[in-house]
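# Coordinates in review
Next come the chains, spelled out residue by residue.
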Amino acid sequence: MGKDITDIAGEQSREDFAKNIRANLKPAPIPASDTVTAKNQKDSRTSQYPVDTGSSAPHLKTSQETAVTLSPEENSECRDASETFPESAVTLSPDAFYDSDRKEFLIQNKHERWLPLNETQFKRWLRQQGISTTKTEGSMLSPAEEVLLEIMDDRDVRYANPLAGRQTGFYSENGVRFLVTDSPHIIKPADGSWETLMALIEGLLLRSEPTHGEQQLSTFYGWLKLSHQALVSGKIQPGQTVAIAGARDCGKSLLQNLITEMIGGRSAKPHAFMTGRTDFNAELFEAEHLMLEDEFMGTAIKERLAFGAQIKAMTVNQIHACHGKHRKPVNLRPFWRVTITLNDDPECLLVLPPLNADISDKIIILRASRFQMPMPTTTADEKERFWKTMVAEIPAFLHFLDQWEIPEELQCRRFGIAGFKHPELVQSLEELSPQEQLLSMIERALWKGVEEEWEGTAEELRELLQDDSGTRYDAQKLLNYAQTCGWYLGRLQERYPRQFIPMRTNRKRWWKICKHDAEPEDESGITNHDEFEF
């Protein structure tokens, strides 16, 4: 018989060689000299290149990793890295893991791409590493099978995919062990010209807006600056959803695609999940930028409220349940920024959630205007040239954002930038809101005579409006549920507190509605919620 492949171990026996391989599967301690200090991390946080620690063990590629010096005991138990060092990857060697949900082994090929292997394929890979798949005399298992079981015991992970905002590496956080298989593309800022990008952004947000243009532009710059800084630093920080409304083909979707390039280079479509059409959302966890572009969304109040709840969750919640098909949900901490582009027709705006106190500070609404593009965009070649020119200018634009300071009047503690909403878009949205429709019906049905005020319960008002010949059709359509009238009265009370007055005793609740016109509460374009802390 020819020599077994394990003979490359020289004088070692098969058993000794397999033991050495298994020993290497334990988490490798990182020498103290390899520790990256906080200063070094800060100085190199925008680097696109891997941190070279000089360790002889294979090191996972990362551009913003904080190496952690652990004792062998701590390493062997693979403690939760987020307990003391949040956002830090734990370096392990060699690179082989076991996905316990998919029942697959994960190895890196020569191009540093992670490949899933079934048991047969993985045993073939072990043979290539010099580990025999043949049982030795007196042993129940072959050396390869022993290594395989060691990996299943010590290298199991619940999630093995790209994760938004995270560099490649092994993590243990919130009681979950997971492997990030691909890093976001971080563009390094560099001094230079960005005149084409400037012409696009200012053309969309500034030039046709003499009253609100500067505020729109500064809000967009501030939101993008904070988003890029959070991504580079590896910190999971909240950021508002940005809605950009404008005329068809004005360039708002082009700006949205450029945002993708600036915050990780990966995008996903959350429409089906955010509107309740699916419970599966695993693909969203692989992208930093979640984009909604003119997709059909319901305008019914129930759908808009549900959409608003999703915006709130993706804006401020840190932990989200990742649910893939045929997989158990796992709680992870992705870095997300959500943007929405839509036409500025009133009926299109109505897909946005009601701007109540619960959602108002979590959304920015900008108006985009049509303008002359800075380069020809008629043919496919011209469009490609235009796109490549703007992408090439992104490093210079990011350098500008690094130097640019957010105006003090636009700052807020919770998000860093105040939630500006274009007043004219807000007015259009309010005029189409269900509570404003209810107000119109009240004016038509209640004040037919000399009455100055009306008192009654929400249900009594609903019955009155559905019985009145002038409001019957609209009331039956709008107030199809008993509780909706009370909801809308509550929103009218927030907007017109002197006209809609809630009354109550220990036994009864009712409303006092006054006939006199009342101006709505002042609603400026800036919503500064400094009283809230994240």
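Definitions and cut-offs
Residues numbered from 1 in each chain as written. Predicted model: local features only at pLDDT ≥ 70, side-chain atom pairs only at ≥ 80, totals over all residues. Heavy atoms only, no water. Axes fitted to C-alpha atoms, helices over the stretch in contact; angles between N-to-C directions. Helix = DSSP H or I, 4+ residues; strand = E, 2+ residues; numbered from the N terminus. Parallel < 35°, antiparallel > 145°, perpendicular 65-115°, else oblique. Left-handed = near helix turned anticlockwise from the far one by under 90°. Contact = heavy atoms within 4.5 Å. Nonpolar A, V, L, I, M, F, W, Y, C, P; charged D, E, K, R; others polar. 1 Å grid on protein atoms, 1.4 Å probe; cavity = no way out; pocket = protein on both sides within 12 Å on 5 of 7 lines; lining within 4 Å. Points joined across faces, edges and corners; volume = space filled by probe spheres on them. Core = buried A, V, L, I, M, F, W, Y, C linked by side-chain atoms within 4.5 Å. Buried < 20%, exposed > 50% of the residue type's maximum accessible area, 1.4 Å probe, protein only. Phe/Tyr/Trp six-rings, centres within 6.5 Å; stacked < 30°, edge-to-face > 60°. Pairing = 2+ DSSP bridges. Patch = residues over 30% accessible without salt bridge, like charges linked within 9 Å, V, L, I, M, F, W, Y side chains within 5 Å. Areas by Shrake-Rupley, 256 points an atom, 1.4 Å probe, with all protein chains shown as cover. Salt bridge = Lys/Arg side-chain N within 4 Å of Asp/Glu carboxyl O. Polar contact = N/O pair within 3.5 Å; in protein donor to acceptor, adjacent residues only side chain to side chain.

### Section: the packing of helix H6 (residues 195-205) against helix H8 (residues 252-262)
- It is the contact of H6 with H8, at a shortest axis distance of 11 Å, that shows an interaxial angle of 130°. When the interaxial angle is binned, H6 and H8 end up oblique. Crossing hand, H6 versus H8: left-handed. For the pair H6 and H8, contact is made by Leu197, Leu200, Ile201 and Leu204 and by Lys252, Leu254, Leu255, Leu258 and Met262, respectively.
- Along the lines of polarity and charge, the residues of the contact of H6 with H8 split into eight nonpolar, no polar and one charged.

### Some words on the packing of helix H14 (residues 434-445) against helix H15 (residues 458-467)
- It is the contact of H14 with H15, at a shortest axis distance of 10 Å, that shows an interaxial angle of 70°. Regarding the angle of H14 to H15, the classification is roughly perpendicular. The hand of the H14/H15 crossing is left-handed. Contacts from Leu438, Met441, Ile442 and Ala445 in H14 reach Leu461, Leu464 and Leu465 in H15.
- Each residue belonging to the contact of H14 with H15 can be placed in one class, and the counts come to seven nonpolar, no polar and no charged.

### What about the layout of surface pockets?
- Approximately 530 Å³ is the volume found for the second largest pocket.
- Forming the walls of the second largest pocket are 21 residues, and the residues nearest its centre are Ala300, Ile301, Lys477, Leu478 and Tyr488.
- Mapped by element, the contributors of at least two residues to the lining of the second largest pocket are helix H10 (301-316), H14, helix H16 (472-478) and helix H17 (484-495).
- Of the residues belonging to the lining of the second largest pocket, the class tally is eleven nonpolar, five polar and five charged.

### Digging into the nonpolar core
- Grouped together as the largest cluster of nonpolar side chains are 43 residues, with contacts concentrated most on Phe220, Tyr221, Leu224 and Phe397.
- If you list the elements that add at least two residues to this core, you get H6, helix H7 (213-233), strand E8 (241-246), H8, strand E14 (363-368) and helix H12 (380-403).
- Discounting chain neighbours no more than four positions away, the residues touching Phe220 are Ile201, Leu205, Leu255, Ile259 and Leu366.
- Formed by 39 residues, the second largest nonpolar core is a distinct cluster that contains Leu163, Ala243, Ile311 and Leu429.

### Quick notes on the packing of aromatic side chains
- With the rule as written, the count across this model stands at 14 aromatic pairs.
- Arranged with centres 4.8 Å apart and planes meeting at 35°, the rings of Trp194 and Phe400 form a pair that is tilted. Separated by 206 residues along the polypeptide, Trp194 in the loop between strand E7 (176-180) and H6 and Phe400 in helix H12 bring together distant segments of the chain.
- The exposure class of Trp194 is buried, given its relative accessible area of 9%.
- A residue is classified by how much of its surface remains accessible, and Phe400, at 24% relative accessible area, is partly exposed.
- Centre to centre, the rings of Phe285 and Trp336 are 5.0 Å apart; their planes meet at 65°, and the pair counts as edge-to-face. Of this pair, Phe285 sits in the loop between helix H9 (271-274) and strand E10 (289-293) while Trp336 sits in the loop between strand E12 (330-332) and strand E13 (337-343), and the two are 51 residues apart along the sequence.

### Topic: empty space enclosed by the protein
- What the rule picks out here adds up to three cavities of 30 Å³ or more.
- Volume-wise, the largest cavity comes out at about 100 Å³.
- For the largest cavity, the lining is made up of 15 residues, of which Ile236, Met314, Thr315, Asn317 and Pro334 are closest to its centre.
- Residue lining of the second largest cavity: Arg304, Pro354, Leu355, Leu429, Glu430, Ser433, Pro434 and Gln435, and that is the complete set.
- Of all the secondary-structure elements, those providing two or more residues to the lining of the second largest cavity are helix H13 (423-431) and H14.
- Grouping the constituent residues of the lining of the second largest cavity by class yields four nonpolar, two polar and two charged.

### Things to note about the sheet that holds E7
- Spatially, three strands are ordered E5-E7-E6 in an open sheet, and the strand pairing comes out mixed. Edge positions in the sheet fall to strand E5 (159-161) and strand E6 (169-173), since each of these pairs with one other strand and no more. Taking the axes of each pair of neighbouring strands and ignoring which way they run, one obtains an average angle of 15° across the sheet.
- Direction of pairing for E6 relative to E7: antiparallel, over a ladder of five bridges. The residue of E7 that forms the bridge with Tyr171 is Phe178.

### Structural notes on a nonpolar patch on the surface
- Side chains of Met140, Leu141 and Leu149 sit close together on the surface and give an oily, nonpolar patch of about 300 Å² of accessible area.
- Mapped onto the fold, Leu149 is located in helix H5 (residues 143-154).

### Observations concerning the side chain of Arg266
- As for its position among the elements, Arg266 is in the loop between H8 and strand E9 (267-268).
- A distance of 2.6 Å separates a polar atom in the side chain of Arg266 from a polar atom in the side chain of Glu288.
- Sequence-distant contacts of Arg266, that is, excluding residues within four places in its chain, are made with Pro162, Leu163, Ala164, Gly165, Asp182, Ser183, Pro184, Thr260, Glu286, Ala287, Glu288 and His289.

In short, the description is geometric, and any link to function would need to be established separately.
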